[in-house]
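Fold and contact review
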Amino acid sequence: MAKCQRGDYAGFRLWPLFSAASFRRKLLEALTCGVSRQRRKSSAAAAFESPKPRPRSDRLVELLRAEVSESGSDEAEEEGEGEAEAQRKTEAFEELQRVVRWLDLDDNGGDRRRDGATEIRRLTKDDAEARETLAMLGAIPPLVGMLGYDDLELQIPALYALLNLGIGNDMNKAAIVKAGAVHKMLDLIESRSPPSVSEAIVANFLSLSALDSNKSIIGSSGVIPFLVNSFQNPNPSSRQSRQDALRALFNLSIAASNAPHLVESGLVTAILAAIGDMDVTDRSLAALSNLVASPEGRRAVIRSKDALAILVDVLHWSDAPGCQEKAVYILMVMAHKAGYGERTAMVEAGIVSALLELTLLGSPLAQKRASRVLEILRVDKGKQVEDGSGFCCSVPAVSAPLSIAEGKEEEEEERDEMGMSDEKKAVNQLVQQSLQSNMRRIVKRANLPQEFAPSEHFKALTVSSTSKSLPF
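In this report, we go over the structure that sits alongside the text. (Residues numbered from 1 in each chain as written. Predicted model: local features only at pLDDT ≥ 70, side-chain atom pairs only at ≥ 80, totals over all residues. Heavy atoms only, no water.)

1. Notes on helix α10 (residues 212-219)
Turning to α10, its buried residues are Asn-214, Lys-215, Ile-218 and Gly-219. Down the axis of α10, the sector holding all buried residues measures 125 degrees, keeping them to one side. Those residues of α10 that are buried lie in contact with α7 (170-178), α8 (181-190), α9 (195-208), α11 (224-232), α12 (239-253) and α13 (259-264). (Buried < 20%, exposed > 50% of the residue type's maximum accessible area, 1.4 Å probe, protein only. Helix = DSSP H or I, 4+ residues; strand = E, 2+ residues; numbered from the N terminus. Arc of directions from axis to C-beta. Contact = heavy atoms within 4.5 Å.)

Shown next as structure tokens:
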């Protein structure tokens, strides 16, 4: 009979990790020991006492033994499943090793290399772990080397295999550029490859340019004119290629060092020509927003014919908040950085009425930016800006604080009126009438009640402010 060593509850101490099966085994041992001890007590007292009925625990012991046997089979099954999973992973790893070895085979015709690139493209399409493992096994250098072969059946599978390897994996993107893929693809561009290869190259540059450390490398490599041309003159059979080229250009425009290359390649002109095409307008304005942050970009916009009119027109015809916000941001930066002549040109392009409308009907961000542009365009240091109607006037600053004491406002107005001649007072009155007329027309377009913009409310909107920063 099994002995039970239980001194000081040693049989029931806590253990760090236990399963249900081990717990059942412990319980079975305890019950077995209890039965044995009961039997010993019964035999010792049999000579002095009459037999008494004892509790039947045999059935419980049998059930627990059955549970233990079943739990043992469960553990064996789980262990078998773990071994099967490990076996599958081992086989998958060996398969990846075999595919990578195919890339280095120098067979006649390159069939094995083509099959290897095709298989890598398939394996990495939706499997992030396969992308990491294949890169670790050294798949990137031979794939980049395949781009140097004058064989479309090798180039296209290699390009798309590299594209899939870089999806969502920044380390692979950096490794692809380090392996010389940028210059290999430039060589393919210069060799006037067919559209199918060009589309794959554009897609690769879109992927690689998403990594910040690659932006300056790609921008200085000479690929920007190719991307601009792909954006301006896309393959009619593939609309995706144009979108990919624009997105790659947007990625490159984030790096300030690429601004001169982008401007020299004619991107500003291409963007202004594309505004109006709803498929690309929003992203085109986003790229232009990055460019105008640089002096080269601002000069290119000013030199472009009808650039200001095109940007102002966006505020009229586009109802998309994103487009309005980006267009008014470009105008805000231009007004802030431009000189007196450029600001006059902006007013002559009809920007004032468009901005006033935006302060009422635009998104909160568009309203703030429109107010800031109006503030920047106000008369500064005695200068006057002539609007399209022939009047010289102070442009209202809608973003001025509305909490100024009324007494202070009245004192400033009285002081301004005292310094005015009768002729200037008449001109100022005509200007106020013109602005109020524009406001009523805007309110009417918005289908708002006419009392929404009374003269006192409009007077509050036209209070000047001294801030010239660009927080929005």
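2. Here we look at the pattern of salt bridges
Under the criterion given, the structure shown has eight salt bridges. Between Glu-95 and Arg-98 there is a salt bridge, with the nearest N and O atoms lying 1.8 Å from each other. Taken as a pair, Glu-95 and Arg-98 lie in helix α2 (residues 58-103) at a separation of three residues, close to a single helical turn. With a relative accessible area of 34%, Arg-98 lands in the partly exposed category. A salt bridge links Glu-119 to Arg-122; its shortest N-O distance comes to 2.3 Å. Of this pair, Glu-119 and Arg-122 are both found in helix α3 (residues 111-123), three residues apart, which corresponds to roughly one turn of the helix. Taking relative accessible area as the criterion, Glu-119 reaches 18% and is therefore assigned buried. Salt bridges sharing partners connect three or more residues here, namely Asp-111, Arg-114 and Glu-153. (Salt bridge = Lys/Arg side-chain N within 4 Å of Asp/Glu carboxyl O.)

3. Here we look at the packing of aromatic side chains
Any aromatic ring pair is given by two values, namely how distant the centres are and how the planes are angled relative to each other. This model, assessed by the stated rule, comprises zero aromatic pairs. When the ring centre of Trp-102 is taken as reference, the NZ or CZ atom of Arg-112 above it lies at 4.6 Å. The aromatic ring of Tyr-149 is capped on one face by Arg-113, whose charged end is 4.8 Å from the ring centroid. (Phe/Tyr/Trp six-rings, centres within 6.5 Å; stacked < 30°, edge-to-face > 60°. Lys NZ or Arg CZ within 6 Å of the ring centre and 35° of its normal.)

4. What to know about a negative patch on the surface
A cluster of like negative charges, contributed by Asp-126, Asp-127, Glu-129 and Glu-132, occupies part of the molecular surface. Locating Glu-132 in the fold gives a position in helix α4 (residues 128-136). (Patch = residues over 30% accessible without salt bridge, like charges linked within 9 Å, V, L, I, M, F, W, Y side chains within 5 Å. Areas by Shrake-Rupley, 256 points an atom, 1.4 Å probe, with all protein chains shown as cover. Lys, Arg positive; Asp, Glu negative; His and termini not counted. Charge placed at Lys NZ, Arg CZ, Asp CG, Glu CD.)

5. Observations regarding the packing of α12 against helix α15 (residues 281-291)
Orientation of α12 relative to α15, taken along the N-to-C sense of each, is 20 degrees, at an axis distance of 9 Å. Classified by the angle their axes make, α12 and α15 are roughly parallel. The two elements α12 and α15 meet at a crossing, and its hand is left-handed. Residues Leu-246, Arg-247, Phe-250 and Ser-253 of α12 form the contact with α15, whose own contacting residues are Arg-283, Ser-284, Ala-286, Ala-287 and Asn-290. Among the residues making up the contact of α12 with α15, the classes are represented as four nonpolar, three polar and two charged. (Axes fitted to C-alpha atoms, helices over the stretch in contact; angles between N-to-C directions. Parallel < 35°, antiparallel > 145°, perpendicular 65-115°, else oblique. Left-handed = near helix turned anticlockwise from the far one by under 90°. Nonpolar A, V, L, I, M, F, W, Y, C, P; charged D, E, K, R; others polar.)

6. Brief notes about the nonpolar core
Residues Ile-120, Leu-143, Leu-227, Leu-288 and Ile-351 are the most contacted members of the largest nonpolar core, which totals 93 residues. Top element by residues in this core is helix α18 (residues 321-337). It accounts for nine residues. With residues up to four places along the chain from it excluded, the contact list for Leu-288 reads Val-268, Ile-271, Leu-272, Val-301, Leu-311 and Ile-330. (Core = buried A, V, L, I, M, F, W, Y, C linked by side-chain atoms within 4.5 Å.)

7. Considering α3
For α3, spanning 13 residues, the distance from its first C-alpha to its last is 18 Å, which sits close to the expected 18 Å at 1.5 Å a residue. Listing the buried residues of α3 in full gives Arg-113, Gly-116, Ala-117, Glu-119, Ile-120 and Leu-123. Each buried residue of α3 lies within a common arc of 165 degrees when the element is viewed along its axis, so the set occupies one face. (Expected span 1.5 Å × (residues − 1).)

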